[in-house]
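# Chain and residue survey
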Amino acid sequence: MYKDFTSGQLADALDRVKDLSPELTGPLSMLDEASLGWTSRYPQLAEPQQAFSQARHKHWPRTRTEQTWQEVVTTAAALSTALRELGDIRLERCTAQTGWGTCGLALPEQGPCRAEKEHLAPAGSETDQ
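Residues numbered from 1 in each chain as written. Predicted model: local features only at pLDDT ≥ 70, side-chain atom pairs only at ≥ 80, totals over all residues. Heavy atoms only, no water.

### Some words on the packing of aromatic side chains
- One pass over the full model with this rule turns up 2 aromatic pairs.
- Aromatic pair Y2 and F5: ring centres 5.3 Å apart, planes at 90°, arrangement edge-to-face.
- Classification of Y2 as buried rests on a relative accessible area of 12%.
- Look at W38 and Y42: their rings are 6.0 Å apart centre to centre, the planes differ by 25°, and that puts the pair in the stacked class. In terms of burial, W38 and Y42 fall into one category: buried. (Phe/Tyr/Trp six-rings, centres within 6.5 Å; stacked < 30°, edge-to-face > 60°. Buried < 20%, exposed > 50% of the residue type's maximum accessible area, 1.4 Å probe, protein only.)

Right, here's the structure in full:
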């Protein structure tokens with residue numbers, strides 16, 4: 001759901017974490033996954049993204065406390081701030097087909113997709129002969 005968001009839209013969603021019920025871990029997982037792709041293209045996001053990911057992993061039902069929830073909210077806000085520094089941009093993702101569907105990885109600024117070896121050859125290519 002969040003993977004197609006622009007940096008501004010993802011930042012807005014991260015800002016709304018504070019309004020979620022601490023019981024809802026699904027949206028946190030989706031935000032974690034969506035924000036991870038941004039780190040391969042924008043390494044300055046790695047630290048705040050990792051902090052958010054670690055905070056949400058500590059916030060599981062058997063270990064959930066007010067302190068773990070506040071850490072999730074704080075790290076989500078920090079990641080939101082870091083994303084806003086990029087402006088409102090879209091992360092280009094690979095549209096090549098793989099054995100499991102569309103690749104979807106964030107594309108580097110230059111060069112091929114990091115998962116290029118996993119892409120299926122187009123119909124009619126040399127590998128089909």
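Next comes the rest of the account.
### Some words on the nonpolar core
- Core analysis: the largest hydrophobic core is formed by 24 residues, its most contacted members being L10, L14, V17, L31, W38, F52 and L83.
- When residues of this core are traced back to their parent elements, those giving at least two are α1 (7-15), α2 (26-41), α3 (46-58) and α4 (66-84).
- With 7 residues, the single largest contributor to this core is α4.
- Every residue in contact with F52, bar those within four places of it in the chain, is listed here: L14, L28, L31, D32, V72, T75, A76 and L79. (Core = buried A, V, L, I, M, F, W, Y, C linked by side-chain atoms within 4.5 Å. Helix = DSSP H or I, 4+ residues; strand = E, 2+ residues; numbered from the N terminus. Contact = heavy atoms within 4.5 Å.)

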